[in-house]
Amino acid sequence: MRPFGTTIFAEMSALAVRTGSVNLGQGFPDTDGPTAMLDAAAAAIRGGRNQYPPGPGVPELRTAVSAHQKAFWGLDYDPDGEILVTAGATEAIAATILALCEPGDEVVCFEPYYDSYAASIALAGAVRRPVTLRVVDGRYAFDPAELRAAFGPRTRLVLLNSPHNPTGKVFTAEDLAQVAALCAEFGAYAVTDEVYEHLVFTDAAAAHVPLAGLPGMRDRTVQISSAGKTFSCTGWKVGWVCGPRPLVSAVTRVKQFLTYVNAGPLQPAVAVALNSPPSYYEQVRDDLQCKRDRLCEGLTEAGFAVLRPEGTYFVTADITPLGGTDGVEFCLALPERCGVVAVPTQVFYDNVDAGRRLVRFAFCKRDEVLDEAVTRLRRL
């Protein structure tokens, strides 16, 4: 772990506090989730559900996750043995990689990637094989030949995040079919980070499709999601793993020695949230789409070359039109220049040059916060 210092998110959020800047760096909403969920959490705390929950997670949450997967994605998972509740998606990813990888195994992942992926792969003694997402005609895409070249005899896993952070890319059916075919050819497992599953905008080139739903992929896919993004409760750290019994059993054996269990009184509240009507999910998406458009317009007016996201609540922008040549330098100077914090995306690449001039802004904020950030950014 020597190469891994403080995460860029903690560093930039601390910078925002020190400088009194508008923090569009770290991806957390500044409003709370559904009232019914919050009330259920308070009731669980006052109702005595404050001790260790069952190891796999409370039954009502596992049942709610199973029903959710069936209703939205047509996937059947048995709540007893094929679903595990974790301390957010971050723990789920770490536990899965540790469970399935031996030292020297290789993990194919798409860069830029969330920083915990690299750390988890390192903890397992595995080797990452990045496939770079590059901008083609205004959207992110990968080279199929580069993807194939990343697979080999030591490939154990492919780690796929869709909708993708930080690019906002939603992987298309064609993208997913290529991944599935290579998993089958090389006997690899797939680990899918789908925490933004409900944050796909109406003008996206593709709808969200779980890789596990493709022919032959259910039995070789560990599907991961969480409550944090959809229900604006990132601090609760309640996530889940869905997959075939043997794989979930392996992940459970690791998870029990990481956090053992987590979030006892919050788990039943997340179950309440998951049972929200379809209109809730549509409203969350529509609200974020309006915020996306609000920030994208403001960034364009400020002089950035904006790459409009198809999903998530992040937008990446090229700093070249503003004279920027290095995203880290640009983001470190930005608070003093105009009082806004962003995140340099180059820190999420092995191929640093591919992201050197790109920065990421979060738009999961109140409209007045976004408007203030845009006003400040116009000073550039």
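First things first, this report covers the structure right here in the doc. (Residues numbered from 1 in each chain as written. Predicted model: local features only at pLDDT ≥ 70, side-chain atom pairs only at ≥ 80, totals over all residues. Heavy atoms only, no water.)

## A look at the sheet that holds strand β11 (residues 305–307)
Alright, step 1. As summarised here, the arrangement of the four strands in space is β11-β12-β15-β14, forming an open sheet in which the pairing is antiparallel. Where the open sheet ends on each side, the last strands, each with one partner, are β11 and β14 (343–344). (Pairing = 2+ DSSP bridges. Helix = DSSP H or I, 4+ residues; strand = E, 2+ residues; numbered from the N terminus.)

## Remarks on unusual backbone geometry
Alright, step 1. A cis amide bond, omega -10 degrees, links S162 with the succeeding residue P163.
Alright, step 2. For the peptide bond that leads from N165 to P166, omega is 20 degrees, which places it in the cis range.
Alright, step 3. Considering the arrangement of structural elements, one finds P166 in the loop between β7 (155–161) and α7 (173–186).
Alright, step 4. Even without being glycine, T312 reaches a positive phi, approximately 65 degrees.
Alright, step 5. Here T312 lies in the loop between β11 and β12 (314–318).

## Some words on the environment of D326
Alright, step 1. Structurally, D326 can be placed in the loop between β12 and α11 (327–338).
Alright, step 2. Its relative accessible area of 14% is what places D326 among the buried residues.
Alright, step 3. Separated by 20 residues in sequence, D326 and Q346 place their C-alpha atoms 8.5 Å apart.
Alright, step 4. A distance of 2.9 Å separates the side chain of D326 from the backbone nitrogen of E329, its partner in a polar contact. (Buried < 20%, exposed > 50% of the residue type's maximum accessible area, 1.4 Å probe, protein only. Polar contact = N/O pair within 3.5 Å; in protein donor to acceptor, adjacent residues only side chain to side chain.)

## Quick look at the packing of helix α4 (residues 88–100) against helix α8 (residues 245–255)
Alright, step 1. As a packed pair, α4 and α8 sit with axes 8 Å apart at the nearest point and diverge in direction by 110 degrees. One element, α4, and the other, α8, form an angle in the roughly perpendicular class. Judged by residue contacts, E91, A95, T96, L98, A99 and L100 of α4 engage L247, A250, V251, V254 and K255 from α8.
Alright, step 2. For the contact of α4 with α8, the residue count by class is eight nonpolar, one polar and two charged. (Axes fitted to C-alpha atoms, helices over the stretch in contact; angles between N-to-C directions. Parallel < 35°, antiparallel > 145°, perpendicular 65-115°, else oblique. Contact = heavy atoms within 4.5 Å. Nonpolar A, V, L, I, M, F, W, Y, C, P; charged D, E, K, R; others polar.)

## A short note on the pattern of salt bridges
Alright, step 1. Summed over all chains, the structure comprises 27 salt bridges.
Alright, step 2. Between R292 and D203 there is a salt bridge, with its nearest N and O atoms 2.8 Å apart. Of this pair, R292 sits in helix α10 (residues 278–302) while D203 sits in the loop between β8 (189–193) and β9 (221–226); the two residues are 89 residues apart in sequence, bridging distant segments of the chain.
Alright, step 3. Beyond isolated ion pairs, a larger network of salt bridges with shared partners links D203, R292, D293 and R308. (Salt bridge = Lys/Arg side-chain N within 4 Å of Asp/Glu carboxyl O.)

## Overview of helix α12 (residues 367–377)
Alright, step 1. All buried positions along α12 are accounted for by V369, L370, A373, V374, R376 and L377. The buried residues of α12 occupy an angular sector of 160 degrees when projected down its axis, which confines them to one face.
Alright, step 2. Residues of α12 that are buried in the fold lie against β1 (22–23), α10, α11, β13 (340–341) and β15 (358–362). (Arc of directions from axis to C-beta.)

## Brief notes about the pairing of β7
Alright, step 1. Most of β7 sits out of view: six of its seven residues are buried.
Alright, step 2. In the sheet, strand β3 (residues 106–111) pairs with β7 via four bridges, with the strands oriented parallel. Looking at β7, one finds that V108 is bridged to V158.
Alright, step 3. The pairing of β7 with β8 spans five bridges and is parallel.

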